[in-house]
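Each chain, written out:
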Amino acid sequence: PVADILWYLGDEIDHKPDQYGDYPYSNQFDYCNTDVLLNRIEARGGKAVTPEGLEYRVIWIPDNYRMHSATLRKLISLAESGVHVVAERPVGPASISEDDVDGFNALVDMLWSSSNVIEGKSIYEALDALGIVPDVTCRIDSMPEKTTNGGRPVWMHRSVEGADWYFVAAPKYCGFKGEMSFASEGVAQIWDPVSGEIAAAASSADGRGRTSIGFDLPRCGSCFVVFRHDVTGTPYSGLQAGLVDDAASLPGYVASTEITSPWTLSFPGGWGAPEIVRLSELKSWTELGYGEEASAFSGTASYATTFRMKRQKGMAYMLDLGNVEMIAEVKVNGVAFKPLWNTPYRVDVTSALRSGKNLIEIDVTDSWYNRLAFDAGQPESRRKTWTIGGPKAGDALRPSGLIGPVKMVTVRQ
C-alpha cells in the first residue's frame, strides 16, 4: 500500500475514526492504535515504517487532548530520526497514574521543540509546508445531483515490483466524468476488474512525474489504472475500452436501432404478480398497474421478444439494455452472455445473431427493497419477508426491472 499519512488515533480513542471525516482526498492514510505506534513503528530514512515495509511520511494526531509519557518518548525518538509529526500539544497526561507532571511537561517541551513537529496547521497545510505532492487530484466535468465524496471517485494506491496500481471506483449513486492526475509515470493501462481485459489508457504525462487520464465511469463502474515500469510503449490517445457509457462514443460506432417489438414478461408464482404480462412498452415493475403487491415484486422476472435484422460484413453488434434495475442476464437465440450488473448494460452479441428472426431473452433481478417496504406495512400474518433494519411502512418504492430503451448498436469491427 502507498500512503503518505499514518493517522495515530491518540491515547484516549478506543474506536475507528470517521471514514468520511475531514482528511485529504489527494493523499491516502492508514491509522494505528497505541500498540502499533509503540511496538511496530520505527524510523528509517526519515519515514515511519512497519516490519512489513509500509512507509509513511507523516504521523498525524488530530485528537491529542491528553497523552501518555510512553507515547511522548516514542514520538521524540521518531522525530529525532527525521519523522514528521503533525499534532497539537496535549493539555496533560492521559492517566492519573502519571503523577510526575514536571516530567510529563518536560517531554512535551522536548517533542514540540523539534523542527520535525508541526503544530498550528491543518493536515492540508502541513502537507503543503512539507512539500508532499498530491498522489491523486481530480477534475470533475459534470456534477450529478445526488452523489457522495463531492462527486469524486474513490481510489487506493498499491506499488509492486515493476508497476504502480490505482483502483478507481465511481462515487456512490452516480458515475464520474472528468480527469484524474496521478503521481506516477510509465506505460498507462486500464485493467477491467470484471473481465480482466487490458487496454492502453488515454494518458498525458507532464514530464515532471505526473500523468493525467480522462474517465467516463458509469454508475457502479470501476477500473484498475496500472502504470507499467517494466515495459515500453507509446501513450495511447484514443478512448479507453470498457469505460464508455454513451454508445455513440464507442470506437467504430455506426448506428443504434431501438427494438420496439412487444415483450412478454413472466413472473414467478406466489408473489402477487401475474404469471405472464404482454408489454407494448418497457416500464418499471412499479408502474405496471397490476396491484400494490405486484408493484412491490422483488426477485427475478423474465423478458422475451423477437426482432428481425440483416447482418452486415465487417460489423459487430452490441445489445444495449438502457436502464436496468438491477442485474440482467441476456440470451440471444439461446446463447447466454455474461451477467450485466452496472451501467452501461451493454454486451457484444455478434456471435449469436443471424440474419432474419432473432430471439432475445433477458432475466432481470432487483433487490429485496420493494418487497421489504411493502411487507413493512402489512399485518405480520400476511408478510412474506422480515428484516431487522430495512425500509419502513410508507417508504416509496424504487424503480425495478428492465426499463430500457433496448437498442442494437452497430460498430465497425
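**Student:** Go over the side chain of Ser26 with me, naming the residues and quoting the values.
**Tutor:** Mapping Ser26 onto the fold places it in the loop between β1 (5-8) and β2 (29-32). Of the polar contacts made by the side chain of Ser26, one reaches the side chain of Asn27; its length is 2.8 Å. The residues touching Ser26, leaving out its near neighbours within four places in the chain, are Pro134, Asp135, Val136 and Trp155.

**Student:** Break down the packing of aromatic side chains for me, citing the residues and quoting the values.
**Tutor:** In this structure the tally under the stated criterion is 18 aromatic pairs. Taken together, the ring pairs in this structure connect Tyr25, Trp155, Tyr166, Phe176, Phe182, Phe215 and Phe227 into an aromatic cluster. Stacked on the ring of Tyr25, the Lys or Arg Arg152 has its end atom at 4.1 Å from the ring centre. In this arrangement the basic side chain of Lys384 is found over the ring face of Trp271, its NZ or CZ atom lying 5.6 Å from the centre.

**Student:** Describe the confidence of the model for the protein, listing the residues and the values that go with them.
**Tutor:** Across the protein, the average pLDDT comes to 91, with 95% of residues at or above 70. Overall, residues 235-242 carries pLDDT values under 50, and its contacts beyond four positions in sequence, including any with other chains, amount to 18 contacts.

**Student:** So what's going on with the sheet that holds strand β13 (residues 163-169)? Residues and values would help.
**Tutor:** Strand order across the open sheet formed by five strands is β12-β13-β19-β15-β16, with antiparallel pairing between neighbours. The open sheet has two edge strands, β12 (154-160) and β16 (198-200), and neither has a second partner. Across this sheet, the average inter-strand angle for adjacent strands is 25°, counted without regard to direction.

**Student:** Describe in detail the environment of Ser222, supporting the description with residues and values.
**Tutor:** Examined against the element boundaries, Ser222 turns out to sit in strand β19 (residues 222-228). The class of Ser222 is partly exposed, set by a relative accessible area of 23%. It is 5.5 Å that separates the C-alpha atoms of Ser222 and Val168, two residues lying 54 residues apart in sequence. Ser222 has contacts with Phe167, Val168, Ala169, Pro193 and Leu217, leaving out every residue within four places of it along the chain.

About the thresholds
- Residues numbered from 1 in each chain as written.
- Predicted model: local features only at pLDDT ≥ 70, side-chain atom pairs only at ≥ 80, totals over all residues.
- Heavy atoms only, no water.
- Helix = DSSP H or I, 4+ residues; strand = E, 2+ residues; numbered from the N terminus.
- Polar contact = N/O pair within 3.5 Å; in protein donor to acceptor, adjacent residues only side chain to side chain.
- Contact = heavy atoms within 4.5 Å.
- Phe/Tyr/Trp six-rings, centres within 6.5 Å; stacked < 30°, edge-to-face > 60°.
- Lys NZ or Arg CZ within 6 Å of the ring centre and 35° of its normal.
- pLDDT = per-residue confidence, 0-100.
- Pairing = 2+ DSSP bridges.
- Axes fitted to C-alpha atoms, helices over the stretch in contact; angles between N-to-C directions.
- Buried < 20%, exposed > 50% of the residue type's maximum accessible area, 1.4 Å probe, protein only.

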